[in-house]
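# Tertiary structure, described
Chain by chain, the residues:
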Amino acid sequence: MGDVLAGIHATWEFDTDSVLIRFERGIRTPKLFQSLRERRIPYAALSSVTLTPGKRGTVVLRAVPRAGADPLVEAASGQLKEGCDPYRLVLPAEREVLAEYYADELRALLDPASGESADRFLVAAPEAPMNFKAYDGRASFDGERISFRWSWTGASSAKWKAGDQTFRVSELAGIVWRSPEALDGYLRLVPRAAAPVDHRTGGSLGDLHGPGGSGDADHGTPVGVPAEPPSATADQDPAAVLFGLGYGPVHESLPFAAAVLESVRRTHAPAASAPVLVNAGRRDPADIAERIHHLGELHRAGLVTDAEYSAKKAQLLAEL
């Protein structure tokens, strides 16, 4: 598309095969957005697009990711609060017509398989090295190894006896991230020996995703897949670090979990084939005509400049 849509806390820049989401920096911007900075989302990673009324005179454009396409979403497993959803773009209500136009444009670019789960991650994970301070220790990840260094003020005697821990990505089936905004938040590494491994994904869904997601919101167990393997509680498990007030906040621990999860999947998954470009063929002439008409309405309403109107109209005509 080559267009830019600026909203509250973020700007979406549309390219031919993806949308680049740039998050603003500021005191009102959620810390998770500031930590992520920007994310490139291939259209192939999306399942649908919605436009709904928001709060206090706003509308919300949301690109819904496919299951299994984004390591951040997979690690969060449904535990993110609405305001921290990186796929939401909040706009003033007076821009609803423009938002509807872009929603239609995005829907036209969705992959024919958008309703199916992705067989590999299509969105890049946050990059290592990474680290954060947990309640009972410090966690670090260099891209190949995850290390836990226990704190004498918070670690249990069981963890002290076990000593500081280092785990190679190749030794893991996945991770379980329970939000620090819950009463018993933690990050737990799941060793391959402790869980049945699906060699296509690098671990069972229950092991990899942890609480929430598509499962039971009250109990945190995904439907139809094994629950987290039985083991010691997180405060006694040397493969886990505890969160708490001010320790392991979402904007630090979730990107960390996503980076580890992506590395685990990439280590154990077979070589992925090159992505196939979608919508590379010609589009329906009736659809093109409708979009040009809609574009003209935006131009007459002053929501699109003369230059933007001419460029976009030429682009649409070229697709005939």
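Higher on the page you've got the structure.
Residues numbered from 1 in each chain as written. Predicted model: local features only at pLDDT ≥ 70, side-chain atom pairs only at ≥ 80, totals over all residues. Heavy atoms only, no water.

### Considerations on the sheet that holds strand β5 (residues 46-53)
One key point about sheets: their strands pair by backbone hydrogen bonds, in either a parallel or an antiparallel sense. An order of β5-β6-β7 is seen for the three strands of this open sheet, with the pairing classed as antiparallel. Here the strands that pair on one side only, and so sit at the sheet edges, are β5 and β7 (88-92). Neighbour to neighbour, the strand axes of the sheet diverge by 15 degrees on average, direction disregarded. Contacting β5, β6 (58-65) and β7, helix α3 (residues 96-108) crosses the sheet at an angle of about 165 degrees to β5. (Pairing = 2+ DSSP bridges. Helix = DSSP H or I, 4+ residues; strand = E, 2+ residues; numbered from the N terminus. Axes fitted to C-alpha atoms, helices over the stretch in contact; angles between N-to-C directions. Contact = heavy atoms within 4.5 Å.)

### A word on the layout of surface pockets
Here the second largest pocket defines a volume of roughly 470 Å³. Elements supplying a minimum of two residues to the lining of the second largest pocket: β5, β6 and β7. Here the lining of the second largest pocket is composed, by residue class, of six nonpolar, six polar and six charged. (1 Å grid on protein atoms, 1.4 Å probe; cavity = no way out; pocket = protein on both sides within 12 Å on 5 of 7 lines; lining within 4 Å. Points joined across faces, edges and corners; volume = space filled by probe spheres on them. Nonpolar A, V, L, I, M, F, W, Y, C, P; charged D, E, K, R; others polar.)

### So, the packing of aromatic side chains
The relation between two aromatic rings is expressed through the spacing of the ring centres and the mutual angle of the planes. Scanning the entire structure with this criterion turns up ten aromatic pairs. Taken together, a centroid distance of 5.7 Å and an interplanar angle of 85 degrees make the contact between Y135 and Y247 edge-to-face. Linking Y135 in the loop between β8 (130-133) and β9 (137-141) with Y247 in the loop between β14 (240-242) and α6 (250-268), this pair joins segments that are 112 residues apart in sequence. On the accessibility criterion, Y135 (39% relative accessible area) is partly exposed. Members of the aromatic cluster, each reached through a chain of ring pairs, are W12, F14, Y101 and Y102. Above the plane of the ring of Y186 lies R188, whose end atom (NZ or CZ) is 5.4 Å from the centre. (Phe/Tyr/Trp six-rings, centres within 6.5 Å; stacked < 30°, edge-to-face > 60°. Buried < 20%, exposed > 50% of the residue type's maximum accessible area, 1.4 Å probe, protein only. Lys NZ or Arg CZ within 6 Å of the ring centre and 35° of its normal.)

### Topic: the pairing of β6
Walk down a regular strand and you will see the side chains alternate between the two sheet faces. Judged by how many residues are buried, β6 sits mostly within the fold: seven of eight residues are covered. Where β5 lies against β6, seven bridges are found, and the strand directions are antiparallel. When the bridges of β6 are listed, L51 appears paired with L61. Alignment of β6 against β7, held across five bridges, turns out to be antiparallel.

### Topic: the pattern of salt bridges
For the coordinates displayed, the defined rule picks out 15 salt bridges. Here D142 ties to R145 by a salt bridge, and the two come within 2.8 Å at their closest N and O atoms. A cluster of three or more residues bridged by salt bridges with shared partners is formed by E13, R22 and E38. (Salt bridge = Lys/Arg side-chain N within 4 Å of Asp/Glu carboxyl O.)

### Side note on the side chain of H268
In this structure, H268 sits in helix α6. At 3.1 Å, the side chain of H268 forms a polar contact with the side chain of R192. (Polar contact = N/O pair within 3.5 Å; in protein donor to acceptor, adjacent residues only side chain to side chain.)

### Let's talk about the environment of T29
Topologically, T29 is positioned in the loop between β3 (18-23) and α1 (31-36). Setting aside its immediate chain neighbours within four residues, T29 contacts H9, E24 and Q34.

### Things to note about the sheet that holds strand β2 (residues 10-14)
The antiparallel open sheet is built from four strands, whose spatial order is β1-β2-β3-β4. Of all strands in the sheet, those with a lone pairing partner are β1 (4-6) and β4 (38-42), marking the two edges. For this sheet the average axis-to-axis angle between neighbouring strands, irrespective of direction, equals 15 degrees. Here β3 pairs with β4 via five bridges, running antiparallel. Bridged to R22 within β4 is E38.

### What about α3?
Given a rise of 1.5 Å per residue, 13 residues ought to cover 18 Å, and the 18 Å separating the end C-alpha atoms of α3 matches this to within 8%. For α3, the full list of buried residues reads L98, A99, Y101, Y102, A103, E105 and L106. (Expected span 1.5 Å × (residues − 1).)

### Side note on unusual backbone geometry
Cis peptide bonds are those with omega within 30 degrees of zero, and the linkage from A128 to P129 qualifies with 5 degrees. Its location among the elements puts P129 in the loop between α3 and β8. A positive phi angle is found at H9, which is not glycine, with a value near 80 degrees. By the element assignment, H9 lies in the loop between β1 and β2.

Function-wise, these values are silent; they only describe arrangement.
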